[in-house]
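Coordinate analysis (summary)
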Amino acid sequence: MRVETLEILCSPLERAPLQLETETSAEGEIRRFLVNHEHGLKFPIRDGIPIFVEPHQITGINGRFRKIYDSWAPFYDLLSRVGLYILGVSERKLRKEFIASLEIKEGDRVLATSVGTGADLHLIPQTCKFYGLDLSDGMLRICRNKMRKVGVPVELFLGQAEHLPFKDGAFDVVYQMGGINFFSDQEKAIREMVRVAKNGSKIVIMDETEQVARTLENIPGINAWFRHQHRPIVPPTALVPEGMEQMESCELYDGQAWYLSFRKPA
Ligand SMILES: C[S@@+](CC[C@H](N)C(=O)[O-])C[C@H]1O[C@@H](n2cnc3c(N)ncnc32)[C@H](O)[C@@H]1O
């Protein structure tokens, strides 16, 4: 873990600063933790990924989706490509246009609040520092294997978008691509994106529309995401905190994706 990463981390609930500690087990195994002694907090780092949430701490519908994404992780890239193909959307084009819309500048610290398998890592400019959080250990493991092949420095974290383990104003760009339609608490997740963004930063969110959910809910395998959908799918413009600037909301790809962007005031 880079020193500058440690400087922007905090505990997700108390927002307490963390320090890195190492322990050696009786068998000689070296284990690393992020700790705050004052608050009695200890987060393990497993295979280089800090664990900010354990399965029993996950609340609401997030628990169900963690399990779905964990079990589908090895097939996710294929399934999403097939899903987009069925919808007549080029994944390459969609990801390229989305990443371009983030307006990443040289040296920027960029946060993906549900990085998944890192399907867009190869499109991230190599001059930025990239941070990816996700709720699914399975998805992060695939992402970790992929990140060795890209030039951009990447740090991964297991956590919930509703409780980000980062200090206020840590990032130049914050984005959420897919998944937010089914978050336990979309409003909290958007507030967290705003909190961890620097003043003047761009925040971008995109997900599929209701029309897509209706098409895909009949396709075996992919339908696991859409069955038991607990609320209508609408772009969460009403959940964006007051005072945000340059807000844009539109539908893309023949109404199959909604796109929302805004800027935190400078
Ligand atoms: C549709 S996938 C999108 C992954 C990736 N952003 C992409 O473009 O391929 C949704 C992702 O959101 C993650 N996720 C679901 N709920 C989450 C939450 N509350 N906090 C963080 N990640 C979450 C899932 O584990 C999954 O990796």
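Structure: above.
This section reports on the structure supplied with the text.

Reading guide: rules and limits
- Residues numbered from 1 in each chain as written.
- Predicted model: local features only at pLDDT ≥ 70, side-chain atom pairs only at ≥ 80, totals over all residues.
- Heavy atoms only, no water.
- Near = heavy atom within 4 Å.
- Polar contact = N/O pair within 3.5 Å; in protein donor to acceptor, adjacent residues only side chain to side chain.
- Areas by Shrake-Rupley, 256 points an atom, 1.4 Å probe, with all protein chains shown as cover.
- Helix = DSSP H or I, 4+ residues; strand = E, 2+ residues; numbered from the N terminus.
- Nonpolar A, V, L, I, M, F, W, Y, C, P; charged D, E, K, R; others polar.
- Salt bridge = Lys/Arg side-chain N within 4 Å of Asp/Glu carboxyl O.
- Buried < 20%, exposed > 50% of the residue type's maximum accessible area, 1.4 Å probe, protein only.
- Contact = heavy atoms within 4.5 Å.
- Pairing = 2+ DSSP bridges.
- Axes fitted to C-alpha atoms, helices over the stretch in contact; angles between N-to-C directions.
- Phe/Tyr/Trp six-rings, centres within 6.5 Å; stacked < 30°, edge-to-face > 60°.

1. A word on the site of the ligand
Around the ligand there are 20 residues in total, and R95, S114, D134, A161 and M177 lie nearest to it. One of the side-chain nitrogen or oxygen atoms of N62 is found 3.2 Å away from a nitrogen atom of the ligand. Within the contact set of the ligand, an oxygen atom lies 2.9 Å away from a side-chain nitrogen or oxygen of R95. When the ligand is considered free in solution it has 590 Å² of accessible area, and contact with the protein chains removes 96% of it. Of all the elements, helix α2 (residues 62–86) adds the most residues to the shell around the ligand, at three residues. A class-by-class count of the residues in the shell around the ligand yields eight nonpolar, nine polar and three charged.

2. A closer look at the pattern of salt bridges
In total, this model carries 23 salt bridges according to the counting rule given. The shortest N-O distance in the salt bridge between E155 and R2 comes to 3.7 Å. Of this pair, E155 sits in strand β7 (residues 154–158) while R2 sits in the segment before α1 (3–8), placing them 153 residues apart in sequence. Residue class for E155 comes out buried when judged on its relative accessible area of 10%. Residue classification places R2 among the partly exposed positions, given a relative accessible area of 26%.

3. Comments concerning the side chain of D172
Following the sequence through the fold, D172 ends up in strand β8 (residues 171–177). Among the polar contacts made by the side chain of D172, one reaches the side chain of K198 at a distance of 2.9 Å. Apart from the residues lying within four places of it in its own chain, the contact partners of D172 are G107, D108, R109, K198, S201 and K202.

4. Some thoughts on the sheet that holds strand β5 (residues 109–112)
Taken together, the seven strands give an open sheet; going across it, the order is β7-β6-β5-β8-β9-β11-β10, and neighbouring strands pair in mixed fashion. Edge positions in the sheet fall to β7 and β10 (245–252), since each has one partner strand and no second. Sheet twist, expressed as the mean angle between neighbouring strand axes with direction ignored, is 15 degrees. Note: β5 against β8, three bridges, orientation parallel. Its bridge partner lying in β8, V110 is registered against V173. Here helix α5 (residues 186–196) sits on the sheet in contact with β5, β8, β9 (197–208) and β11 (257–263), set at roughly 150 degrees to β9.

5. Focus on the sheet that holds strand β2 (residues 30–36)
Read from one edge of the open sheet, four strands run β1-β2-β3-β4, paired in antiparallel fashion. Each end of this open sheet is capped by a strand with a single partner; those strands are β1 (19–24) and β4 (49–50). Pairing geometry for strand β3 (residues 41–46) and β4, over two bridges, is antiparallel. Across the sheet, R46 pairs through a bridge with I49, a residue of β4.

6. Looking at the side chain of T113
Turning to its location among the elements, T113 is positioned in the loop between β5 and β6 (129–134). Judged by its relative accessible area of 2%, T113 is buried. Among the polar contacts listed, one links the side chain of T113 to the side chain of Q176, at a separation of 2.6 Å. Not counting residues within four places of it along the chain, the set of residues in contact with T113 comprises L133, A161, L164, V174, Y175, Q176 and M193.

7. Things to note about the packing of aromatic side chains
One pass over the structure, following the stated rule, counts twelve aromatic pairs. Ring centres 6.3 Å apart and planes at 80 degrees place the aromatic pair F98 and Y259 in the edge-to-face group. You can see F98 sitting in helix α3 (residues 91–101) and its partner Y259 sitting in strand β11, a full 161 residues away along the chain. The class for Y259 is buried, based on a relative accessible area of 8%.

Shape descriptors only; they carry no functional weight alone.
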